[in-house]
Amino acid sequence: MLGTVAFGSLPTPLGEMTVAVTEDGVAGLGWGGRRWLAERLAEESLSEVDDPARTAPVLAELADYYAERLKAFSVPVDWRLTTPMQRRVLGTLYETVPYGEVVTYGELAARSGTGIPARAIGSIMGANPIPVIVPCHRVVASNGLGGFSGGTGVESKRWLLTLEGYLQPMLDWG
């Protein structure tokens, strides 16, 4: 039997977030909506199921993260949408860069032991199918924040790093 995927969503301060959860764990997550995730998972030949019990733990942990009650995710991750090289780099990030800390693209390249250049790390972060849980927002340029392809781009990255206490809140003079 082929595997299955269940979808769920929750409102966040950065917009509606959709999750795709297989029997193995969270396979996809993002602000692009269900259609975007379904398209990414289409090649995996997964049958869609309505399974709120499967998505509930993921949605609960995300809600707790955004409410500043959770600093480390415990839900299982399904890496099926990553290549072996992406899996190694993203796995290194997931396992070694905790809440409230950051690493530069170059540092992550070295830490992953892949031998790939820092600029390729940025491409891998941009292709991360499980942002927030696999915290690509914690990877920064040596001279600033760097890019971010989730939510509203770099402003979402800034918001997440502020939530985690790495950046100070910006004053709103308006």
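If you're wondering where the values come from, they're calculated on a predicted model, not measured in any experiment.

Give me the lowdown on the layout of surface pockets, citing residues and values where you can.
Counted as a void, the largest pocket has a volume near 250 Å³. Lining the largest pocket are 21 residues; nearest its centre among them are Met125, Gly126, Asn128, Ser149 and Gly150. Breaking the lining of the largest pocket down by element, the ones donating at least two residues are strand E3 (25-30), helix H1 (33-41) and helix H5 (118-126). Among the elements that make up the lining of the largest pocket, the one with the highest residue count is H5 (three residues). The class makeup of the residues in the lining of the largest pocket is ten nonpolar, nine polar and two charged.

So, the UniProt feature "domain: Methylguanine DNA methyltransferase ribonuclease-like" (unreviewed entry) in the chain: which residues are in play, and what are the values?
In the numbering used here, UniProt assigns the feature "domain: Methylguanine DNA methyltransferase ribonuclease-like" (unreviewed entry) to residues 8-78. The distance separating the terminal C-alpha atoms of residues 8-78 is 16 Å; by composition the span is 34% helix and 30% strand.

Break down the pairing of strand E1 (residues 4-12) for me, with residues and values.
Most of E1 is tucked away, with seven of its nine residues classed as buried. Bridge count between E1 and strand E4 (residues 47-48): two bridges; the pairing is parallel. Bridge assignment links Thr4 to a residue of E4, and that residue is Ser47. As consecutive antiparallel partners, E1 and strand E2 (residues 15-22) are separated by two residues.

Account for the pattern of salt bridges, with residues named and values stated.
Pairing between side chains of opposite charge can happen when the charged atoms of each approach one another. Per the counting criterion, the structure on display carries eight salt bridges. For the salt bridge of Arg35 with Glu39, the shortest nitrogen-to-oxygen distance reads 3.2 Å. Here Glu39 and Arg35 lie together in helix H1, a separation of four residues that amounts to about one turn. The exposed category is assigned to Arg35, whose relative accessible area is 67%. One salt bridge in this structure joins Arg54 and Asp51, with 3.4 Å as the shortest N-O distance. For Arg54, a relative accessible area of 18% puts it in the buried group. Residue classification places Asp51 among the partly exposed positions, given a relative accessible area of 26%.

Could you give me a rundown of the sheet that holds E4, with the residues and numbers involved?
The strand order across the open sheet built from four strands is E3-E2-E1-E4, with neighbouring strands paired in mixed fashion. Whereas interior strands pair on both sides, the edge strands pair on one side only; in this sheet they are E3 and E4. Sheet analysis places E1 next to E2, joined by eight bridges and oriented antiparallel. Pairing of Phe7 across the sheet is with Ala20, part of E2. With respect to the sheet, H1 is in contact with E1, E2, E3 and E4, its orientation differing from that of E3 by roughly 130 degrees. Of the strands in this sheet, E1, E2 and E3 touch helix H2 (residues 52-66), which is tilted by about 25 degrees from E1.

Describe the packing of helix H3 (residues 84-96) against helix H4 (residues 105-112), naming the residues involved and giving the relevant values.
Closest axis-to-axis distance for the H3/H4 pair is 9 Å, and the angle between their directions is 105 degrees. In terms of their interaxial angle, H3 and H4 are classed as roughly perpendicular. On H4, the residues touching Arg88, Val89, Thr92, Leu93 and Thr96 of H3 are Leu108, Arg111 and Ser112. Residue composition of the contact of H3 with H4, by class: three nonpolar, three polar and two charged.

The rules behind each value
- Residues numbered from 1 in each chain as written.
- Predicted model: local features only at pLDDT ≥ 70, side-chain atom pairs only at ≥ 80, totals over all residues.
- Heavy atoms only, no water.
- 1 Å grid on protein atoms, 1.4 Å probe; cavity = no way out; pocket = protein on both sides within 12 Å on 5 of 7 lines; lining within 4 Å.
- Points joined across faces, edges and corners; volume = space filled by probe spheres on them.
- Helix = DSSP H or I, 4+ residues; strand = E, 2+ residues; numbered from the N terminus.
- Nonpolar A, V, L, I, M, F, W, Y, C, P; charged D, E, K, R; others polar.
- UniProt positions renumbered as here; feature names shortened; annotations may be inferred.
- Buried < 20%, exposed > 50% of the residue type's maximum accessible area, 1.4 Å probe, protein only.
- Pairing = 2+ DSSP bridges.
- Salt bridge = Lys/Arg side-chain N within 4 Å of Asp/Glu carboxyl O.
- Contact = heavy atoms within 4.5 Å.
- Axes fitted to C-alpha atoms, helices over the stretch in contact; angles between N-to-C directions.
- Parallel < 35°, antiparallel > 145°, perpendicular 65-115°, else oblique.

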